[in-house]
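This is what each chain is made of:
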Amino acid sequence: MANKLKTKGYDYTSEMLVIASDVDSICAYMTYIQLYIYNIPGVVKIENSLTKESRKVFYTPRLLDGRNIENLQQTEEKELGE
């Protein structure tokens, strides 16, 4: 998606927000590393999406630049329809 936005002339580091979750910690860590390397704002959760049991939450540095976590949590709740 980041490459598509870039080819269309958008700055994906400011136009894109990734919220990802996985029950497997290795997959979550790999996702976080990719977001970190490409400077993409995002939240990565290690959680069971069926039971909503969350073990860890990671925020990329790009996301934390100029944002506060409280506003982010409100945005996540709106997107997830909670």
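Everything below is about the structure shown above.
Residues numbered from 1 in each chain as written. Predicted model: local features only at pLDDT ≥ 70, side-chain atom pairs only at ≥ 80, totals over all residues. Heavy atoms only, no water.

## Comments concerning the overall build of the chain
Using the following cut-off: The helix count covers DSSP runs of H or I at least four residues long, the strand count covers runs of E at least two residues long, and both are numbered beginning at the N terminus. In this scheme, a residue with accessible area under 20% of its type's maximum is buried, one over 50% is exposed, and one in between is partly exposed, where area comes from a 1.4 Å probe on protein chains only. Accessibility throughout is a Shrake-Rupley quantity obtained with a 1.4 Å probe, and a residue counts as covered only by protein chains that appear here.
For the chain, the helix and strand inventory stands at 5 helices and 3 strands. When the helices and strands of the chain are listed from N to C terminus, the series reads α-α-β-α-β-β-α-α. Taken over 82 residues, the chain has a buried fraction of 27%. Summed over its atoms, the accessible surface of the chain is roughly 5900 Å², and 50% of this surface lies on carbon and sulfur atoms.

## Observations concerning the nonpolar core
The condition that has to hold: Buried residues of nine kinds, namely Ala, Val, Leu, Ile, Met, Phe, Trp, Tyr and Cys, make up a nonpolar core once their side-chain atoms join them within 4.5 Å. The contact criterion used throughout is that any non-hydrogen atoms of two residues lie within 4.5 Å.
Grouped together as the largest cluster of nonpolar side chains are 12 residues: Ala2, Leu5, Tyr12, Met16, Val18, Ala20, Ala28, Leu35, Ile40, Val44, Ile46 and Phe58. Among the secondary structure elements, those contributing two or more residues to this core are helix 1 (2–7), strand 1 (18–22), helix 3 (25–37) and strand 2 (42–48). Apart from the residues lying within four places of it in its own chain, the contact partners of Ile40 are Ala2, Tyr12, Met16, Val18, Leu35, Thr60 and Arg62.

## With respect to helix 3
Put simply, the rule is: In a helix, the anticipated span is given by 1.5 Å times the number of residues less one.
Taking 1.5 Å of rise per residue, 13 residues should cover 18 Å, and helix 3 covers 18 Å from first to last C-alpha, within 8% of that figure. Positive phi shows up at Asn39, right after helix 3, with a value of about 60°.

## Quick word on a nonpolar patch on the surface
Condition: Each patch is built from salt-bridge-free residues with over 30% relative accessible area, joining like charges within 9 Å and nonpolar side chains (Val, Leu, Ile, Met, Phe, Trp, Tyr) within 5 Å. Salt-bridge detection follows one rule: a side-chain nitrogen of Lys or Arg within 4 Å of a carboxyl oxygen of Asp or Glu.
Where nonpolar side chains cluster on the molecular surface, the patch consists of Ile33, Tyr36, Ile37 and Tyr38 and spans about 450 Å² of accessible area. You can see Tyr38 is positioned in the loop between helix 3 and strand 2. The exposure class assigned to Tyr38 is partly exposed, which follows from its relative accessible area of 46%.

## Quick look at the packing of aromatic side chains
Put simply, the test is: Aromatic pairing here means that ring centres of Phe, Tyr or Trp (its six-membered ring) are within 6.5 Å. Orientation follows from the plane angle: under 30 degrees is stacked, over 60 is edge-to-face, and everything else is tilted.
Applying the stated criterion to the full structure yields 3 aromatic pairs. Judged by centre distance (6.3 Å) and plane angle (25°), the rings of Tyr32 and Tyr36 are stacked. Of the two residues, Tyr32 and Tyr36 are both situated in helix 3; the distance of 4 residues between them amounts to about one turn of the helix. With centroids separated by 5.8 Å and ring planes inclined at 45°, the aromatic side chains of Tyr32 and Phe58 adopt a geometry described as tilted. Pair noted here: Tyr32 is in helix 3 and Phe58 is in strand 3 (residues 53–59), with a separation of 26 residues, a long-range link. Given a relative accessible area of 18%, Phe58 falls into the buried group. Counting every residue linked through ring pairs, the aromatic cluster contains Tyr29, Tyr32, Tyr36 and Phe58.

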